[in-house]
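Chain and residue survey
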Amino acid sequence: MIIESLKSLYNRDLNKLKAEIEAYRNEENLWKTDKNISNSAGNLCLHLIGNLNHFIGAHLGNTGYIRNRELEFSLKGVPQAELTEKVEATKIMIDSVLSSFPSEELEKEYPLVVFEDKMTTEYFLIHLISHLDYHLGQINYHRRLLDL
């Protein structure tokens, strides 16, 4: 049951991410920073894509994804359409991985120690949704402040 809930939440929130990126009227504003806003919406989007492909795709789905976290924050000027394609591909990957993921594996330890302590896969998948939503809120605020 929880896998279907997780799939639904990831799908919902990745659709919101895609809509936020598409809502920028000026594509160049995706890469703006200002005063205390150190991360652009484009870089936050790349970070979310990299994070989910790394922790869900590579480590749970064995997709072979290789993460370059530094590039998530340093790459600039990725076209809006390419960002939304990457979000869509991430959404498809998560649905595929979770659809074939045995529910009994959720209670097992996540294969990486990401924080200071070990955790279950279920706990970490829920954490990843909250991480997605945290940055999704930042992107929404960034757009409303800087896409003028």
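Computed from a prediction, not measured in an experiment: that's the story for all the values here. (Residues numbered from 1 in each chain as written. Predicted model: local features only at pLDDT ≥ 70, side-chain atom pairs only at ≥ 80, totals over all residues. Heavy atoms only, no water.)

**Quick look at the packing of helix H1 (residues 2–22) against helix H5 (residues 121–146)**
Under the convention used in this document: Here an angle of 0 to 180 degrees is reported between the N-to-C directions of two axes, which are lines fitted to C-alpha atoms, with helices fitted over the stretch in contact. Numbered from the N terminus, helices here are DSSP runs of H or I no shorter than four residues, and strands are runs of E no shorter than two. Any angle between 65 and 115 degrees counts as roughly perpendicular, while under 35 counts as roughly parallel, over 145 as roughly antiparallel, and the rest as oblique. The handedness criterion is simple: a crossing whose near helix is rotated anticlockwise from the far helix by less than a right angle is left-handed, and one whose near helix is rotated clockwise is right-handed. Any two residues whose heavy atoms approach within 4.5 Å at even a single point are treated as in contact. All amino acids are sorted into three groups, where Ala, Val, Leu, Ile, Met, Phe, Trp, Tyr, Cys and Pro are nonpolar, Asp, Glu, Lys and Arg are charged, and the leftover types, Gly among them, are polar.
Between H1 and H5, whose axes approach to 10 Å, the crossing angle comes to 20°. Taken together, H1 and H5 sit at an angle that is classed as roughly parallel. Of the two elements, H1 crosses H5, and the hand of that crossing is left-handed. Residue-level contacts link Ile2, Leu6, Leu9, Tyr10, Arg12, Asp13, Leu14, Lys16, Leu17, Glu20 and Ile21 of H1 to Glu122, Leu125, Ile126, Leu128, Ile129, Leu132, Asp133, Leu136, Ile139, Asn140 and Arg143 of H5. By residue class, the composition of the contact of H1 with H5 is 14 nonpolar, one polar and seven charged.

**Things to note about the packing of aromatic side chains**
Cut-off, in case you're wondering: Aromatic contacts are taken between Phe, Tyr and Trp rings whose centres are within 6.5 Å, Trp giving its six-membered ring; a plane angle under 30 degrees counts as stacked, one over 60 as edge-to-face, and the others as tilted. Partly exposed residues are those whose accessible area sits between 20% and 50% of the maximum for their type, while under 20% is buried and over 50% is exposed, using a 1.4 Å probe and protein chains only.
Counted according to the given criterion, the structure contains four aromatic pairs. Ring centres of Tyr110 and Phe124 lie 4.5 Å apart, and the angle between their planes is 50°; on these two criteria the pair is classed as tilted. Of the two residues, Tyr110 sits in the loop between helix H4 (80–99) and H5 while Phe124 sits in helix H5, which places them 14 residues apart along the sequence. According to the relative accessible area criterion, Tyr110 is buried, its value standing at 2%. Of the residues examined, Phe124 reaches a relative accessible area of 1% and is grouped as buried. Among the aromatic residues, those joined into a cluster by ring pairs are Phe55, Tyr110, Phe115 and Phe124.

**Considering the pattern of salt bridges**
Cut-off, in case you're wondering: Should a side-chain nitrogen of Lys or Arg be within 4 Å of a carboxyl oxygen of Asp or Glu, the pair is scored as a salt bridge.
One pass over the structure, following the stated rule, counts ten salt bridges. Salt-bridge contacts for Lys86 lead to Glu82; the nearest nitrogen and oxygen are separated by 3.9 Å. Here Lys86 and its partner Glu82 are both found in helix H4, four residues apart, which amounts to about one turn of the helix. Judged by its relative accessible area of 32%, Lys86 falls in the partly exposed class. In this structure, Glu105 engages Lys108 in a salt bridge whose closest nitrogen and oxygen atoms are separated by 2.9 Å. Classification of Lys108 by relative accessible area gives partly exposed; the value is 44%. One connected set of salt bridges, linked through shared partners, spans Glu4, Lys7 and Asp95.

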